[in-house]
There are 2 protein chains.
Amino acid sequence: MNGHVFGLGLGPGDPELITLRALKLLHAAPVVAYPAPEEGASFARSIVASWLSPAQIEIAIRMPMDSARFPAQAVYDRAAAEIAAHLVAGRDVAVLCQGDPFFYGSFMYLFGRLAERHSVEVVPGVSSLGAAAAAAHWPLAARADVLTVLPAMLDDAALERRLAETDAAAIIKLGRHLPRVRRLLDRLGLIERACYVERATLGTERVLPLAEARAESAPYFSLILLHRRGEAWR
Amino acid sequence: MNGHVFGLGLGPGDPELITLRALKLLHAAPVVAYPAPEEGASFARSIVASWLSPAQIEIAIRMPMDSARFPAQAVYDRAAAEIAAHLVAGRDVAVLCQGDPFFYGSFMYLFGRLAERHSVEVVPGVSSLGAAAAAAHWPLAARADVLTVLPAMLDDAALERRLAETDAAAIIKLGRHLPRVRRLLDRLGLIERACYVERATLGTERVLPLAEARAESAPYFSLILLHRRGEAWR
């Protein structure tokens, strides 16, 4: 009998934000796969490190630093083949996913390669969005609000067009785009309605009014939350 | 010493999708408050019913059916006052929130009334959005995709304007708006790129291509997911 793939959403980083279901499936899986940088430790693995057993087979899916090769089709092809071999041998495989697997997560690339031929269960997790909102005491949206999630790599014109048509927004994947996005929101008169959240739920978490987030770049795990109309929930 | 408020995101309905942190804080809280209909059982309470103890004081925040009175300021004022009395007496209060507390959740109305004078911790939870995506095997967004969350009560023109400017969307709070939204997506040529998810993670969960969701109304816990450009993650 073939094994199953479990795409486990582990939440934003605090191990306590894992779900009972993800933890149960993690414990039961003989094989555990996770994304990792080209060298060094996997963030997803670090979230659940204290629950892993030496008896579990680990597959580190190492992504080359060279961003020109993103999304690194060959890396996902090879990882999917390695996972599939375990499935055919009857072993379940838990794939560790930081945040929620289907909210801008790399799990979808494995899903696209495995779901047609294999049994896949996706276990949703706490997203970075909900975690940042909780950390910042910043309700995302209420009632008839439109909420738009905008990747920061979009150019100013693309961001401005979407911001004009939404009530609330989250600008994600800030990285080196932080200064440009901050200038844009300043020009649009929105900087006072925005906050900056870095590494939500981790020990190094920071929450600042956006106007005070003056760094030249931000970690990948950072985002901006904003309300165009003030506090909709009052 | 004053008590703390814990806004506990409990996830979409499956009790296994509660986080370790929410469960720990729930166990420790002498007072538990939750939203409830005017008559009958609370959905949020039902998620964690098996973990409640008879020693815990329960506060049902009952919302009148009369939708003209929404957001029912008086109900939230009274509930906040009742919770505050426990806090001042030194008792922590866990407020149960289905899904994520700050993603269109009613917790924000208590938060707005309590956070200035009392200690409030918000524990993020698995949102209905992540749960529906997982159930439908439907990655929400990838890479530079714009993802827009649209409440179904917006009129056709408002929905159409936002749909034209996004890569992916979730149309939430469907209820009686389902037939109108389905007709709109049909007219816009998007119906084949949309799926319908009802009561994700519950025993009564249903996932259908939107074209086959022909009911005249949908439960409150239902949504439509769509991709304008097909499967972005391939």
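A quick note: this is a predicted structure, and the numbers were derived from the prediction, not measured. (Residues numbered from 1 in each chain as written. Chains lettered and ligands numbered in written order. Predicted model: local features only at pLDDT ≥ 70, side-chain atom pairs only at ≥ 80, totals over all residues.)

**Side note on the nonpolar core**
Phase 1 of the analysis: Formed by 156 residues in total, the largest nonpolar core has its most connected members in A:Val95, A:Leu225, B:Val95 and B:Leu225.
Phase 2 of the analysis: Setting aside residues up to four positions removed in sequence, B:Val95 forms contacts with B:Val5, B:Phe6, B:Gly7, B:Leu8, B:Ala33, B:Phe107 and B:Leu110. (Core = buried A, V, L, I, M, F, W, Y, C linked by C-beta atoms within 7 Å. Buried ≥ 20, exposed ≤ 12 C-beta atoms within 10 Å, placed from the backbone. Contact = placed C-beta atoms within 7 Å.)

**Comments concerning the sheet that holds strand β1 (residues 4–9) of chain A**
Residues and elements named next belong to chain A.
Phase 1 of the analysis: What the 5 strands build is an open sheet, ordered β3-β2-β4-β1-β5; its pairing is parallel. What marks the edges here is a single partner per strand, and that holds for β3 (57–63) and β5 (119–123). Each adjacent strand pair in this sheet contributes to an overall mean axis angle of 20°, direction not counted.
Phase 2 of the analysis: Bridging between strand β2 (residues 31–37) and β3 involves 7 bridges; their strand directions are parallel. In the sheet register, Val32 faces β3, and the bridge partner there is Glu58. (Pairing = 2+ DSSP bridges. Helix = DSSP H or I, 4+ residues; strand = E, 2+ residues; numbered from the N terminus. Axes fitted to C-alpha atoms, helices over the stretch in contact; angles between N-to-C directions.)

**Describing helix α1 (residues 20–28) of chain A**
Residue and element names in this part refer to chain A.
Phase 1 of the analysis: Along α1, the positions that sit buried rather than exposed are Arg21, Ala22 and Leu26. In an axial view of α1, the angular spread of the buried residues amounts to 130°, which keeps them on one side of the axis.
Phase 2 of the analysis: Where the residues of α1 are buried, they touch β1, α2 (43–48), β4 (93–97) and β5. (Arc of directions from axis to C-beta.)

**A few points about the pairing of strand β10 (residues 222–227) of chain B**
Residue and element names in this part refer to chain B.
Phase 1 of the analysis: Burial analysis of β10 places 6 of its 6 residues in the buried class, the great majority of the element.
Phase 2 of the analysis: Note: strand β7 (residues 168–172) against β10, 4 bridges, orientation antiparallel. Bridge assignment links Ala168 to a residue of β10, and that residue is His227.
Phase 3 of the analysis: Looking at chain direction, strand β8 (residues 194–198) and β10 are connected through 5 bridges and run antiparallel. Among the inter-strand pairings, Cys195 is bridged to a residue of β10, identified as Leu225.

**With respect to the interface of chain A and chain B**
Phase 1 of the analysis: With 48 residues of chain A at the interface, the matching set in chain B holds 48 residues.
Phase 2 of the analysis: Sorting the residues of the side of chain A that touches chain B by element identifies α1, α4 (107–114), β5, α5 (128–136), β6 (147–151) and α6 (156–163) of chain A as the ones contributing at least two each.
Phase 3 of the analysis: The element contributing the most residues to the side of chain A that touches chain B is β6(A), with 5 residues.
Phase 4 of the analysis: Broken down by class, the residue content of the side of chain A that touches chain B amounts to 32 nonpolar, 9 polar and 7 charged.
Phase 5 of the analysis: With 3 bridges connecting them, β6(A) and strand β6 (residues 147–151) of chain B associate as antiparallel partners. Bridge assignment links A:Val149 to a residue of β6(B), and that residue is B:Leu147. (Nonpolar A, V, L, I, M, F, W, Y, C, P; charged D, E, K, R; others polar.)

**Examining the domain arrangement of chain A**
Residues and elements named next belong to chain A.
Phase 1 of the analysis: Here the domain parsing of chain A yields domain 1 (4–126) and domain 2 (129–227).
Phase 2 of the analysis: For domain 1 versus domain 2, the distance between C-alpha centres works out to 27 Å.
Phase 3 of the analysis: The interface is formed by 6 residues belonging to domain 1 together with 7 residues belonging to domain 2.
Phase 4 of the analysis: Of the residues assigned to the side of domain 1 that touches domain 2, the class counts are 4 nonpolar, 1 polar and 1 charged. (Domains from an automatic or database assignment.)

**Topic: the relation of the copies chain A and chain B**
Phase 1 of the analysis: Superposing chain A onto chain B takes a rotation of 180° plus a shift of 0.0 Å along the axis, which leaves an RMSD of 0.0 Å. The relationship between the two copies is best expressed as a two-fold rotation axis.
Phase 2 of the analysis: The share of interface residues of chain A whose copies in chain B are also at the interface is 100%, consistent with both copies meeting through the same surface. (Least-squares fit on C-alpha atoms with pLDDT ≥ 70 in both.)

**Some words on the sheet that holds strand β9 (residues 206–209) of chain B**
Phase 1 of the analysis: Across the sheet, 10 strands lie side by side as β9(A)-β8(A)-β10(A)-β7(A)-β6(A)-β6(B)-β7(B)-β10(B)-β8(B)-β9(B); this open sheet has mixed pairing. Edge positions in the open sheet fall to β9 (206–209) of chain A together with β9 of chain B, since each of these has one partner strand only. Sheet twist, expressed as the mean angle between neighbouring strand axes with direction ignored, is 15°.
Phase 2 of the analysis: By the bridge criterion, 4 bridges tie strand β8 (residues 194–198) of chain A to β9(A) in an arrangement that is antiparallel. Looking at β9(A), one finds that A:Tyr196 is bridged to A:Leu208.

**Points about helix α3 (residues 73–88) of chain A**
The periodicity of an α-helix, 3.6 residues per turn, causes residues three or four places apart in sequence to face the same way.
All names here are of chain A.
Phase 1 of the analysis: Here α3 contains 16 residues, and its C-alpha end-to-end distance of 22 Å stays within 8% of the 22 Å for a straight helix at 1.5 Å per residue.
Phase 2 of the analysis: Every buried residue of α3 is accounted for by Tyr76, Ala79, Ala80, Ile83, His86 and Leu87. Taken end-on, α3 shows its buried residues confined to a sector of 120°, consistent with a single buried face. Of the exposed residues in α3, the ones pointing more than 90 degrees away from its buried face are Ala74, Arg78, Ala81, Ala85 and Val88.
Phase 3 of the analysis: Residues of α3 that are buried sit in contact with β1, β2, β3, β4 and α4.
Phase 4 of the analysis: A positive phi of about 90° marks Gly90, the residue just after α3. (Expected span 1.5 Å × (residues − 1).)

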